[in-house]
Amino acid sequence: MTHDADVLIVGGGLNGPALALALAQTGLSSTVIDALPEDVRSGAGFDGRSYALALASVRMMRALGLWDDLADHAQPILEIKASDGRAGEGAAPFFLHFDHTELEEGPMGQMIEDRYLRRTLLDAMAAEPRITHRPGTRVVAQDTTGPATVTLEDCTTLTGRLLIGADGRQSGTAARAGIKRTGWDYGQTALVCAIGHELPHNGIAHQFFMPPGPLAILPLPGNRCSIVWSETHARAAQISALDDAAYLDVLRPRFGDFLGEISLTGARYSYPLKLSLAQAFVAPNLALVGDAAHGIHPIAGQGLNLGLRDVGALAEVLGAAKRRGEDFAALPVLERYQRWRRFDTTAMALGTDTVNRLFSNDNALLRAARDIGMGLVSATPALRRGFMRQAAGLTGDVPKLLRGERL
Amino acid sequence: MNTTAASLDTAEVAKFDAMAAEWWDAHGKFAPLHAMNPCRLDYITAQIAAEFGRDRSADRPFDGLRVLDIGCGGGLVAEPMARLGADVTGIDASETTVGVAATHAAGQGLNIDYRQITAEDLAASGAQFDGVLALEIIEHVAQPQAFLTTCAALTRPGGLTILSTLNRTPKSFAAAILGAEWVMRWLPKGTHDWSKFITPEEMEAMMTTAALDPVDRKGMVFAPLSGTWSLSDRDLGINYIVTAVKPA
């Protein structure tokens, strides 16, 4: 049986291309089917979107040979300060402070703009003979009862041994396979934008826990920050409708004046926050990665990092199966990936959910309790290093790629 | 006789399909074998690649190597060997099992020579292989020394015999008493004869008597919590696997 590729990957975002590159290291070929046209993916301007790559994800970029291209554009996160706050009052006196000098591995993470990460992934895919990129087309039908077959919009049929859904939290791949989802709406919308400011941020990331929802301020190269700011759906809709000047007027009291005057340096985005877990991550001849398997609340910026961990684990499981001659698309092999990733992602989803519920309210008692709790964590070096290692993606059964090793 | 999917009638194929589903159900009756299989395959593929100087990153690293799987069952080892490029012969005492294995391999698009024949009869025919695999089989055999002599006869000079079985230790005895399925699974039916287990030292002595040179041995260790197996240099207390070379 000859196939178009060993693996068909639906989804050309970040996890899909990363998986194709990881699989190429194991000798497996893939076709990446991407709904967006290539010029959209490679648009050169800064659109305001960026990612916090945890240290483990940075190591993975290095193992995939991508980091040299990314490093010049990345901003290391040297410190993280988390504090409880209310708009107009500034931060509470107790706060969590994580300093990378306490972690022997170096910076806990790196901020990278969406445009650089995408362009690097596109270039790497183009340079890899084991990868075929099919941009600007959608899957309209699939069959995984035997070797994977997908039908594209133009009626082209592609076949492979395994089908991967890397097509986000509304994964058509999962839906077509009859995999049900579970989850709930947080009643919040994340407002995302990039901010320019007068004073240097010194590589410090901030997370303010405020009654409507958390505000994360993440340092970008230069005097710029990426912010993720959560509000109730209704309030977010009102704020999104404002013009830039009015938008900044709402943001200013939340953001504070510690970085001087602020301005917008890119487009504004809004994302309704929902938890969405697929009830199974695998089926015969099919596997889900990233948000297609588990869309979580982005409170700790762990969405992409969890997705890359899926990619690292799946590529390692498939590569090992291929080396020992197993049918790598068979369920017993895919279940090894599911066992490896399911506990981790469910724990993370429930963990961020609990943190969000605890912090997104204005109950005086809870507010006092969490201030004391944060003070305690901050004052206890071992506990603090534990949090930092978790956030950096260094805990648990870490896939080889995320330890910086090639497959 | 030589059983291929083509020589079976429709009713038999239907029956074999159902049984193949059972053999290949990772959560079914053969779950312990499925759990152990990756660990066995890691060892076998590494030993064969090392002995014959094969590049494991190649798509078909074992191209041209003739491999015999004695007691092949549903083909849990024979199929991976064929996928890696080896010319595989799988033999089993059960006509039904051989039919099941042939049916499954055909569905996978793999060409494997499955036969219902004893190792002794195959050896008498003069057949020889680059690699002879006898996995979880010697504990079922009445005369282990004679069986090893047969394995040696089936191995070409310069070829390998790889054998896995259960050790005879207080630990394996305790595991058997406790009814641990990964041990019970291999006890001969109705006898539960722990005393038939062979220690690695006895195995290597018998191999030497059969003119095979033992060159490597590893433990295969089960972790009940994760349900996974791993290779161990030190712990050969329950399951172990040995490689021997037939001098050229």
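Just so we're clear, the structure is a prediction, and the values are computed from it rather than from any experiment.

In terms of regular secondary structure, chain B is built from 9 helices and 8 strands. In chain B, the proportion of contacts linking residues at least 24 apart, taken out of those at least 6 apart, comes to 69%.

A separate point is the overall build of chain A. What chain A contains, in helices and strands, is 12 helices and 21 strands. Across the 407 residues that make up chain A, the buried fraction comes to 50%. Restricting the contact set of chain A to residue pairs at least 6 apart, pairs at least 24 apart contribute 75%.

As a further point, take the interface of chain B and chain A. Each partner contributes to the interface: chain B provides 15 residues, whereas chain A provides 9 residues. For the side of chain B that touches chain A, the secondary structure elements donating two or more residues are α2 (31–52) and α3 (78–83) of chain B. Looking at the side of chain B that touches chain A element by element, the count peaks at 5 residues for α2 of chain B. Classifying every residue of the side of chain B that touches chain A gives 6 nonpolar, 5 polar and 4 charged.

If you want to describe how two helices pack, look at the angle between their axes and the distance between the axes. Residue and element names in this part refer to chain A. One can describe the packing of helix α1 (residues 15–25) onto helix α9 (residues 303–323) by two numbers: an axis separation of 9 Å at closest approach and a directional angle of 30°. The angle between α1 and α9 falls in the class roughly parallel. Pair α1 / α9 crosses with right-handed handedness. In this structure, α1 uses Asn 15, Ala 18, Leu 19, Ala 22 and Leu 23 to contact α9, whose residues at the interface are Gly 307, Leu 308, Asp 310, Val 311, Gly 312, Leu 314, Ala 315 and Leu 318. Each residue belonging to the contact of α1 with α9 can be placed in one class, and the counts come to 9 nonpolar, 3 polar and 1 charged.

On to the environment of Ala 82 of chain A. Residue and element names in this part refer to chain A. Along the chain, the position of Ala 82 falls in strand β5 (residues 79–86). Residue class for Ala 82 comes out buried when judged on the 22 C-beta atoms lying within 10 Å of it. Ala 82 sits 223 residues away from Asn 305 along the chain, and the two C-alpha atoms are 20 Å apart.

A separate point is the environment of Pro 129 of chain A. Relative to the helices and strands, Pro 129 of chain A is located in the loop between α5 (114–127) and β8 (131–135). Between the alpha carbons of Pro 129 of chain A and Trp 229 of chain A there is a distance of 41 Å; along the sequence they are 100 residues apart.

We now examine the sheet that holds strand β5 (residues 155–166) of chain B. Residues and elements named next belong to chain B. With respect to topology, 8 strands assemble into an open sheet ordered β3-β2-β1-β4-β5-β8-β6-β7, the strand pairing being mixed. The open sheet terminates on both sides in strands that have one partner only, identified here as β3 (113–116) and β7 (228–232). Pairs of neighbouring strands in the sheet enclose a mean axial angle of 20°, with direction left out of account. Across the face of the sheet, α2 comes into contact with β4 (129–135), β5, β6 (213–223), β7 and β8 (239–245) while running at roughly 35° to β7.

A word on the packing of helix α6 (residues 144–154) of chain B against helix α9 (residues 200–209) of chain B. All names here are of chain B. At their nearest, the axes of α6 and α9 sit 9 Å apart, and the two run at 55° to each other. One finds that α6 runs oblique with respect to α9. The chirality of how α6 crosses α9 is right-handed. Contact residues: α6 offers Pro 144, Gln 145 and Leu 148, while α9 offers Met 206, Met 207 and Thr 209. Here the residues of the contact of α6 with α9 are counted per class, giving 4 nonpolar, 2 polar and no charged.

As a further point, take the sheet that holds strand β12 (residues 162–165) of chain A. All names here are of chain A. The mixed open sheet is built from 6 strands, whose spatial order is β8-β2-β1-β12-β20-β19. In this open sheet, the two edge strands, each paired with only one partner strand, are β8 and β19 (282–283). Pairing between strand β1 (residues 7–10) and β12: 4 bridges, direction parallel. Bridge assignment links Val 10 to a residue of β12, and that residue is Gly 165.

All names here are of chain A. Each assigned domain of chain A is listed here: domain 1 (7–44 + 52–73 + 111–183 + 274–359 + 397–403) and domain 2 (75–110 + 186–273). Facing the 16 residues of domain 1 at the interface are 20 residues of domain 2. Taken together, the elements giving at least two residues each to the side of domain 1 that touches domain 2 come down to β3 (50–54), α3 (55–63), β7 (109–113) and α10 (331–359). In terms of residue class, the side of domain 1 that touches domain 2 is built from 10 nonpolar, 4 polar and 2 charged.

On to the nonpolar core, then. All names here are of chain A. Core analysis: the largest hydrophobic core is formed by 105 residues, its most contacted members being Leu 8, Leu 19, Ile 164 and Ala 287. Ranked by residues supplied to this core, first place goes to α9 with 10 residues. Both domain 1 (7–44 + 52–73 + 111–183 + 274–359 + 397–403) and domain 2 (75–110 + 186–273) contribute no fewer than three residues apiece to this core. Those residues in contact with Leu 19 that lie beyond four places of it in its chain are Ile 9, Ile 164, Ala 166, Val 289, Val 311, Leu 314 and Ala 315.

Here is what the cut-offs are and how they apply
- Residues numbered from 1 in each chain as written.
- Chains lettered and ligands numbered in written order.
- Predicted model: local features only at pLDDT ≥ 70, side-chain atom pairs only at ≥ 80, totals over all residues.
- Helix = DSSP H or I, 4+ residues; strand = E, 2+ residues; numbered from the N terminus.
- Contact = placed C-beta atoms within 7 Å.
- Buried ≥ 20, exposed ≤ 12 C-beta atoms within 10 Å, placed from the backbone.
- Nonpolar A, V, L, I, M, F, W, Y, C, P; charged D, E, K, R; others polar.
- Axes fitted to C-alpha atoms, helices over the stretch in contact; angles between N-to-C directions.
- Parallel < 35°, antiparallel > 145°, perpendicular 65-115°, else oblique.
- Left-handed = near helix turned anticlockwise from the far one by under 90°.
- Pairing = 2+ DSSP bridges.
- Domains from an automatic or database assignment.
- Core = buried A, V, L, I, M, F, W, Y, C linked by C-beta atoms within 7 Å.

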